[in-house]
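Listed below are the residues making up each chain.
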Amino acid sequence: MKAIRRFTVRTVLPEQLQPLHELALNLRWSWHPETRDLFRSVDPDVWAATGEDPVRLLGEVPAARLAALAVDRRFLRRLGDLADDLRDYLAGPRWYQGAEQAGAGPLPGAVAYFSPEYGIAAALPQYSGGLGILAGDHLKAASDLGVPIIGVGLFYRHGYFRQSLDRDGWQQERYPLLDPDELAVSLLREGDGTPCRVDLALPAGRTLAAHIWKAQVGRVPLLLLDSDIEANSAAERDVTDRLYGGGSEHRLLQEMLLGIGGVRAVRTYCRLTGHPAPEVFHTNEGHAGFLGVERIRELVADRTCDLDFAAALEAVRAGTLFTTHTPVPAGIDRFDRELVARHFGGDAALPGVPVEQVLALGAETWRGGDGKLFNMAAMGLRLAQRANGVSTLHGEVSRSMFNGLWPGFDAAEVPITSVTNGVHAATWIDPAVVRLGAAEIGADRAESAMTTGDAKRWTGLERIGNTEIWELRRSLRAQLVDEARRRLRTSWRQRGAGDAELGWVSSVLDPDILTIGFARRVPSYKRLTLMLRDQQRLRALLLDPARPVQIVVAGKAHPADDGGKRLIQQMIAFADDPAVRHRIVFLPDYDMAMAQHLYPGCDVWLNNPLRPLEACGTSGMKAALNGCLNLSVLDGWWDEWYDGQNGWAIPTADGTGGPLDPDSREAERRDDIEAAALYDLIEHQVAARFYDRGADGLPHRWIAMVRHTLVTLGPKVLAGRMVREYVERLYAPAALAQRELAAAGPGEAGADGPVTAPHAGARELAAWKAKVREAWPAVRVEHVEAECPDEAQELGSSLALRVQVALGALDPGDVEVQVVSGRVDESDGISDACLLALKPVGGSDLDGRTRYEGSLELCRTGPFGYTVRVLPAHPRLASPAELGLVALPAESAGMDAGLLR
């Protein structure tokens, strides 16, 4: 018999235990070992049965046990101390408050951080992979540092799917329904107790409404919009049904709700709580790009601002940061232009935001772009004055990929910087590793080192002894072996095996054998099955009598990706072979709970994507924090921080070029070459070093690599370091730019004389940009002269340059005339360019011609060349390339070639 309605009956805690609710509803417990230990002590069996979820624990623990705890003086003391500790954590000054006091500059009063998914804890399953885990780590690190961030996302009633396998190894998906009453979330309510609600207008007079759930992530509120409410029709209720599900219109509605509804949720939260309004809006990938459109609507609708669309756009751009995570165009959300037009036009239009302007933001205007599609990344970049990739290499890839948005500029000058991702140490470091470090450098210093990423605070870890490190690694490996056996037994039961068939599981893996881990999503470019290219060679490595290897594999394919599912099936077919199944296992349902055993327990973390398609690859960072060595293609963060002593680099067969057609002969040959290199590395370097033991039985060279990894990579891979970089390099400049454009200035004259109006800077900048764009077709470099008596020049000599530029309707103050010089290749392309600004000499003539002069120092030997260009110049531009306008010399016989050899 099926219930007609489902709800949760909450446990009523005795008054003495009320602080347990306070601790359970703040997700800081997920990275605070002492709080987790307290909940475990409430009832260890129920704690394990509820997946170590405090909210579910408090709902299921027997009343008799609660009554006993209510009079347990030792437990109540621990509870009181931890409740006080949480309150101190929430209220006390952190790094951010100290940075303000130290005069670090105009730090923003608040930052709004938008992401489609968040990996905070396994108990709040609102994530699918690296993007969500990164977003969760960002919020947790911001909380630890005291950065005033408000997180914004969607609440998915089914989350992401749970994975199991059928008898043939084919991935099965199930979507368990999440009950908010069983999660660490609370409904945001108005003063009268009614749930807060945001509404979006849809075509044909429909409305998409959503309630707002708040998860408290330490000091950071995370607002999650939920469309599964009675006010919606069935179609609209399903908008937030599951993560990355549904068709194109479904995804568009999710992204509209995230962006537009998210801004409205932030405004509601700030109104109700008094939280400072965000000065900076951070878009984590293009999914939330519509937040900029909503903020433009707000400004246009605000009569005190008196802004048109162009001025509002400048005001919004100044305070917006866009982070791209994809290294390939195929990873970008693109919608049919007509679909977007239907949802932003007619009765669904945002007041003051013409649909033509919305469509222009996402237009693929570059050569090779598709005029019928709306590109979310293009909109994100056009709506943000600052943008970044997530590793140094990914920044380079992004500048090339989005070069078309800045025509006339070399890829190196595209205004996309990079902030390499980091991981939240307290979430991902095993407590045993923390205890080992704290024993050497002290608990307070260890906590500070994990929070801030200050390399100086990691000093001292190099003194940890070899025996201590090796015993720790063996202990962590043994924990993983136990966890893998438990999960493997559960998986085989789901596949239909009986207990009588599973005796072999108890001997799977060995805590004394070199253990390699591979776990991630399963798109084709991550190459789950590269290790299977030569199965005979792999078997030999696994079964080597003197230097055996064992491998633990996990990963999920997208439900619609049958190709990824086939890769998993191939891996399982190999791992099911009785000859090797004790040395290689596939663990289904990869999630945060599994990962927290997997990263510490592995000796080596394997990553073999197609270079350069791994934007960052943070799983290897989490492994490194636990003393695990990386074995990886030089992609993402590993390309940046591999130093020859912290792991091994897998050679690539196709350099840094773009990916090959996966079905081509070249791709097959590349995979064969790289797989062979992988086998050679494992056999002759990795396993050889692991099993190279001294007289005391310890692998001293291996341990030295582990120690080096902990000391040198530890502070680099931290989310604390990452968030500090965002604050100092991007948030603070964005807040300053936003304040400058929002400041009041002269407005229209009133009856009593001149009046002031807000956003004067935005109006002035928009008017200046409009003037420059209109006048730019007339701007050109007409003549370049250089005093160049000899073709060969001596190092240290100078060239006197005279350049005549036509500015049309512009003034010299509107532009900068630059000499770009550097080494030249065989096709006269300039590399390692240096820039020299020339100065105007005299005024412009009647035709708008101006002469510029300067002296170019020849500071390099070898082939050398230069050119001249004109760029728009304004003090409020974040980059000279911001407008995408540049004037270069015309090719003519009367102009110097500008090439010196």
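Here, the structure is the one placed above.
Here's what I pulled together on the structure shown here. Values in this document were obtained by computation on a predicted structure and should not be read as measured data.

Our focus in this paragraph is the overall build of the protein chain. Helix and strand content of the protein chain: 29 helices and 30 strands. Its C-alpha atoms give the protein chain a radius of gyration of 30 Å, near enough to 29 Å, the size a compact globule of 901 residues would have. By its C-alpha atoms, the protein chain is 95 × 70 × 50 Å across when sized along the principal axes. Residues classed as buried in the protein chain amount to 56% of the 901 residues present. Taking all contacts inside the protein chain whose residues are at least 6 apart in sequence as the whole, residues at least 24 apart take part in 72%.

A side chain of one charge can pair with a side chain of the opposite charge when the charged atoms of the two come close. One pass over the full model with this rule turns up 54 salt bridges. Here R869 makes a salt bridge to E413, at a shortest N to O gap of 2.5 Å. Pair noted here: R869 is in strand β29 (residues 864–872) and E413 is in the loop between α16 (392–401) and β14 (417–418), with a separation of 456 residues, a long-range link. Through salt bridges with shared partners, a single network forms among R157, D226, D228 and R237.

Moving on, we get to the pairing of strand β13 (residues 386–389). Residues of β13 alternate between two faces, with R386 and N388 on one and A387 and G389 on the opposite face, all of them buried. Looking at chain direction, strand β10 (residues 320–323) and β13 are connected through 3 bridges and run parallel. Its bridge partner being in β13, L321 is matched across the sheet by R386. Across 2 bridges, the pairing between β13 and β14 is parallel. What sits directly across from N388, in β14, is T417.

Our focus in this paragraph is the pairing of strand β2 (residues 149–154). Where burial is concerned, most of β2 is hidden: 6 out of the 6 residues are buried. Along β2, one buried face is formed by I149, G151 and G153 and the opposite face, lined by I150, V152 and L154, is buried too. In this sheet, β2 lies alongside strand β1 (residues 111–114) in parallel orientation, the contact comprising 4 bridges. Bridged to F114 within β2 is V152. In this view, the connection linking β1 to its parallel neighbour β2 by way of helix α8 (residues 130–145) has right-handed handedness. Sheet topology places β2 next to strand β8 (residues 220–226); 4 bridges connect them, and they run parallel. When the bridges of β8 are listed, G153 appears paired with L224.

Considering all chains together, one arrives at 9 cavities of 30 Å³ or more under this definition. For the largest cavity, the calculated volume is near 180 Å³. Taken together, 15 residues make up the lining of the largest cavity; nearest its centre are V433, V434, G437, W458 and L461. Looking at the lining of the largest cavity, the elements that each hand over two or more residues are α18 (431–441) and α19 (443–452). Of all the elements, α18 adds the most residues to the lining of the largest cavity, at 6 residues. Broken down by class, the residue content of the lining of the largest cavity amounts to 14 nonpolar, 1 polar and no charged. In this structure, the second largest cavity occupies an estimated 90 Å³ of space. Taken together, 13 residues form the lining of the second largest cavity, with L488, W492, A575, D576 and F586 sitting closest to its centre. Contributions of two or more residues to the lining of the second largest cavity are made by α20 (466–494), α22 (562–575) and β17 (584–587). Grouping the amino acids of the lining of the second largest cavity by side-chain chemistry returns 9 nonpolar, 1 polar and 3 charged.

Helix α12 (residues 309–318) packs onto helix α11 (residues 291–301) with a crossing angle of 125° between their chain directions and a minimal axis gap of 9 Å. As summarised for this structure, α11 and α12 are arranged oblique, according to the angle between their axes. Where α11 crosses over α12, the two elements pack in a sense that is right-handed. Side by side, α11 and α12 meet where G292, R295, I296, L299 and V300 of the first sit next to F309, A312, L313, A315 and V316 of the second. In the contact of α11 with α12, the residues fall into 8 nonpolar, 1 polar and 1 charged.

Criteria and thresholds
Starting from 1, residues in each chain are numbered consecutively following that chain's sequence as written. Given that this is a predicted model, residues contribute local features only at a pLDDT of at least 70 and side-chain atom pairs are listed and counted only at 80 or more, while totals for whole chains, interfaces and linings are drawn from all residues. Excluding hydrogens and water, the side-chain values take into account all heavy atoms of the structure. Secondary structure elements follow DSSP: runs of H or I of four or more residues count as helices, runs of E of two or more count as strands, with numbering from the N terminus. The quantity called the radius of gyration is restricted to C-alpha atoms. Its globule counterpart is 2.2 Å times the number of residues to the power 0.38. A 1.4 Å probe rolled over the protein chains alone gives each residue an accessible area, and that area as a share of the maximum for its type sets the label: buried under 20%, exposed over 50%, partly exposed in between. Contacts were defined at the residue level, with two residues in contact if any of their heavy atoms lie within 4.5 Å. In what follows, salt bridge is the name for a side-chain nitrogen of Lys or Arg lying within 4 Å of a carboxyl oxygen of Asp or Glu. Should DSSP find at least two bridges between two strands, the strands are regarded as paired. Here, the term right-handed applies to a crossover whose path from the first strand over the helix to the second runs clockwise when the strands point away from the viewer. Cavities and pockets are defined on a 1 Å grid built over the protein atoms alone: a cavity is a set of grid points where a 1.4 Å probe fits but cannot escape, while a pocket is an open set with protein on both sides within 12 Å along at least five of seven lines, and lining residues are those with an atom within 4 Å of any such point. Grid points are joined across faces, edges and corners, and a volume is the space filled by probe spheres set on the points. Residues are grouped as follows: nonpolar covers Ala, Val, Leu, Ile, Met, Phe, Trp, Tyr, Cys and Pro; charged covers Asp, Glu, Lys and Arg; every other residue, Gly included, is treated as polar. In this analysis, axes come from line fits to C-alpha atoms, helices being fitted only over the stretch in contact, and the angle between any two N-to-C directions falls in the range 0 to 180 degrees. Angle categories are assigned with fixed cut-offs, so that under 35 degrees is roughly parallel, over 145 is roughly antiparallel, 65 to 115 is roughly perpendicular, and the rest are oblique. Take the far helix as the reference: if the near one is turned anticlockwise from it by less than a right angle, the crossing is left-handed, and if turned clockwise, right-handed.

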